[in-house]
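Residues per chain are reported as follows:
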There are 2 protein chains.
Amino acid sequence: MEAQEQEEQEQLVTPWKVSAEKGGKIDYDKLIDKFGCQRLDQSLVDRVAGLTGRSPHVFLRRGVFFAHRDFSDILDAYEKGQKFYLYTGRGPSSEALHLGHLVPFMFTKYLQDAFKVPLVIQLTDDEKCMWKNLTVEESQRLARENAKDIIACGFDVSRTFIFSDFDYVGGSFYKNMVKIAKCVTYNKVVGIFGFSGEDHIGKVSFPPVQAAPSFPSSFLHLFSGKDDLRCLIPCAIDQDPYFRMTRDVAPRIGYHKPALIESSFFPALQGETGKMSANDPNSAIYVTDSGRDIKNKINKYAFSGGQDSIENHRKYGANLEVDIPIKYLDFFLEDDVELEHIRKEYGTGRMLTGEVKKRLIEVLTEMVERHRRARATVTDEMVDVFMAIRPLPNMFN
Amino acid sequence: MEAQEQEEQEQLVTPWKVSAEKGGKIDYDKLIDKFGCQRLDQSLVDRVAGLTGRSPHVFLRRGVFFAHRDFSDILDAYEKGQKFYLYTGRGPSSEALHLGHLVPFMFTKYLQDAFKVPLVIQLTDDEKCMWKNLTVEESQRLARENAKDIIACGFDVSRTFIFSDFDYVGGSFYKNMVKIAKCVTYNKVVGIFGFSGEDHIGKVSFPPVQAAPSFPSSFLHLFSGKDDLRCLIPCAIDQDPYFRMTRDVAPRIGYHKPALIESSFFPALQGETGKMSANDPNSAIYVTDSGRDIKNKINKYAFSGGQDSIENHRKYGANLEVDIPIKYLDFFLEDDVELEHIRKEYGTGRMLTGEVKKRLIEVLTEMVERHRRARATVTDEMVDVFMAIRPLPNMFN
């Protein structure tokens, strides 16, 4: 029975679990159909380029952010001179972030810079306290540690508000949580999130906490009197269920639906069958990894699409579809020309896996080193400033 | 089928619905057994008298507060010089309070004065916003209006903190909500409160909000560093399910179980089959009723245990077990000697229903007038002071 169940296993994407069909990769087209979001096509990427007057981010050019909901409405409004705000977040469950964790923040920083808009970043320490059974204190400590990594991504302090749920829930934010909760039945959250009767009620209570930042009135110190301000949420597509629910509720409580721009998952070193796992340190490159760690992990664990002998490799070339070094370069090698060159050489067998891995190690080591240098400059005082409940002057200039 | 179902209807007591067995009265002994609380016996009443050096409140002497959980532990600790704090509350669903609403507040004021302890009063405007489908604004307006009636009961501002959930939820209070929610499964709240899958998740999320004030760490401005302080909750017994849940959770999160002292329901004018209904203005005396209103309601609606003719009445006497004027005098006629006299004269038929009602009208009119005069002196500034997030100086002196 078990074997059969596994064979028939469908792909599963929820905020807590991502798994592909048995033996396969995540099918993102299927996901778009199932979730009912839209594909982010080239014309939208071109519009972003035109509106911002700068080259679109690698993650846009290469389809890392591949799906959206109403992103075109955001652009329409922007074109008419109406700004918006960005909302993203992180569940602080571990001390060290891996590269997959950085993806939404790198992209959000680009959006903030390109569109010159304010940004709120939610650290769901309450969620992690409940799901991972951490103490309140440990969740809050992790939230602050993670905030340092987030700040190290280069956000503009004059446009960015970072908050921990444990510190921030209350006031108009709590009022919005209640308004949202009133509109969602238990059966509905079971349908969306798959809770069971044995789950604790903290889980059932949480979706409105993640939904509330989608509405400007949750942040009176930022957006008082700006209830019409639209919200754009950059996130990985596993967070879509929260915002499907939020979008369902929004018109019933008199707010705009938040727009979304959604990424695929950054693959594990072992291959593209899901998200990286925080439980297996060898499945991911962490921002705390040394150059030596990175070299070892890539050489030892990064799944190769190369052939099993040099002869065969020269003859057939690498299978780029399953090759992790190429996938990682897709994310992080900014030079389009060089990337195209490597893909061609490797795909036709003129370049060997070892050479591609060598280049990837260089790219990642430099990136991680850069991140580590930036993080070392983030002081506790800077965290306090980013997390201070304050107005953001000149948010829209 | 329906008739049969009604005949077989068991008594039901939840925070939202109270109904007796078909044709009967609430059976409080059965309730004590079902809920698993303890009867408040004469020896406890005597201990209260001894410890406080004053005559016990009418509601204690006459068994209006008839059940408890661990009240004896509170008294044991008090005897050793350890104080406690009081917690009670109100769901602000209507503008005008009726006499039944005043019962827990009158009793809580007595406890505060007799034991010289601090008091927190929760106004669950979030609950009423969710259950009664009021707007946030209307719930908050009602909370402030109700706060005026509560203050008019004479609470000591130097020992009393009144708060609205919408204003106050956050910080350490929210942290306790999360800690509590982690310990309670959905199946458990269904068992306790009878929620269904079609209920919205705001309802499922609410029990931790009412539980949190049972723990001193929810009020850092009052009880910082006093995590060991015990809590005593005076309330009507329909609130017991919340605190059964709270007591279950308390040791798992390192807190004392709150103690409870629980009242029976103030009966409707039409008879003692449940609580008064806010939906039928003729079922209750309101603090806004005029002398004429009171006279009319008592004469017209107060269910009489008197006989159907004067002859029979003189012969058999009144049935005091079902007589509402006598029940109301039990609550509000303070003079034990006079009450005993009336019971005897009326029970033996020497006194007529009209005479008893006349005395009741005097008692209630005076009480309601006194309340109205007191309420007229409660200014918005006073409400602000009672609701200010502040330390309470000399709480325990």
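Residues numbered from 1 in each chain as written. Chains lettered and ligands numbered in written order. Predicted model: local features only at pLDDT ≥ 70, side-chain atom pairs only at ≥ 80, totals over all residues. Heavy atoms only, no water.

Note the threshold: UniProt positions are given in the numbering used here, feature names are shortened, and annotations may be inferred rather than shown by experiment.
An unreviewed UniProt entry lists chain A under the name Tryptophan--tRNA ligase, cytoplasmic, from Olea europaea subsp. europaea. Entered under Subcellular location (unreviewed entry) in the UniProt record, the comment concerning chain A runs "Cytoplasm". Regarding chain A, the UniProt comment filed under Sequence similarities (unreviewed entry) reads as follows: "Belongs to the class-I aminoacyl-tRNA synthetase family."

Some remarks on the relation of the copies chain A and chain B
Heads up, the condition is: To superpose the copies, least squares is applied to the C-alpha atoms of every residue with a pLDDT of at least 70 in both. The criterion used for residue contact is that any of the two residues' heavy atoms lie within 4.5 Å.
Overlaying chain A with chain B gives an RMSD of 0.0 Å, the required rotation being 180° about an axis along which the chain moves by 0.0 Å. What we have between these two chains is a two-fold relation. Scanning chain A for the C-alpha nearest the rotation axis identifies G170(A), at a separation of 2.2 Å. Both copies share a contact surface, since 100% of the interface residues of chain A are interface residues in chain B too.

Examining the pattern of salt bridges
So the rule is basically this: What makes a salt bridge here is a side-chain nitrogen of Lys or Arg within 4 Å of a carboxyl oxygen of Asp or Glu, nothing more. Helical segments are the DSSP runs of H or I of at least four residues, strand segments are the runs of E of at least two, and each set is numbered from the N terminus. A simple rule labels every residue: compare its accessible area, found with a 1.4 Å probe on the protein chains alone, to the largest value its type can have, and call it buried under 20%, exposed over 50%, or partly exposed in between.
A complete count under the given rule lists 58 salt bridges over all chains for this structure. The partner of D240(A) in a salt bridge is R69(A), and the shortest N-O contact between them spans 2.8 Å. Pair noted here: D240(A) is in helix α15 (residues 240-249) and R69(A) is in strand β4 (residues 65-69), with a separation of 171 residues, a long-range link. R69(A) gets classed as buried once you look at its relative accessible area, which sits at 8%. For R62(B), the salt bridge goes to D336(B), with nearest N and O atoms at 2.6 Å. In this pair, R62(B) sits in the loop between α4 (58-61) and β4 (65-69) while D336(B) sits in helix α19 (residues 336-347), placing the two residues 274 residues apart along the sequence. According to the relative accessible area criterion, D336(B) is partly exposed, its value standing at 38%. Each of the salt bridges in this network shares a partner with another, and the network as a whole consists of R144(A), E145(A), K148(A), D149(A), R375(A), D380(A) and D384(A).

Section: the sheet that holds strand β8 (residues 230-236) of chain A
Remark on secondary structure: sheet strands pair via backbone hydrogen bonds, oriented parallel or antiparallel. Residue and element names in this part refer to chain A. The line we're drawing: Two strands qualify as a pair provided that DSSP identifies no fewer than 2 bridges between them. Here the axes come from fitting lines to C-alpha atoms, over the contacting stretch only for helices, and the angles between their N-to-C directions go from 0 to 180 degrees.
A sheet is described by the order of its strands in space; here seven strands give the open sequence β3-β4-β9-β8-β5-β6-β7, paired in mixed fashion. Since the sheet does not close on itself, it has two edges, and those belong to β3 (38-39) and β7 (160-164), each with one partner. In the sheet, strand β6 (residues 119-123) pairs with β7 via five bridges, with the strands oriented parallel. Bridge pairing in β7 places I121 opposite I162. Contacts from helix α8 (residues 136-151) reach β5 (84-90), β6 and β7, with the element oriented near 145° to β6.

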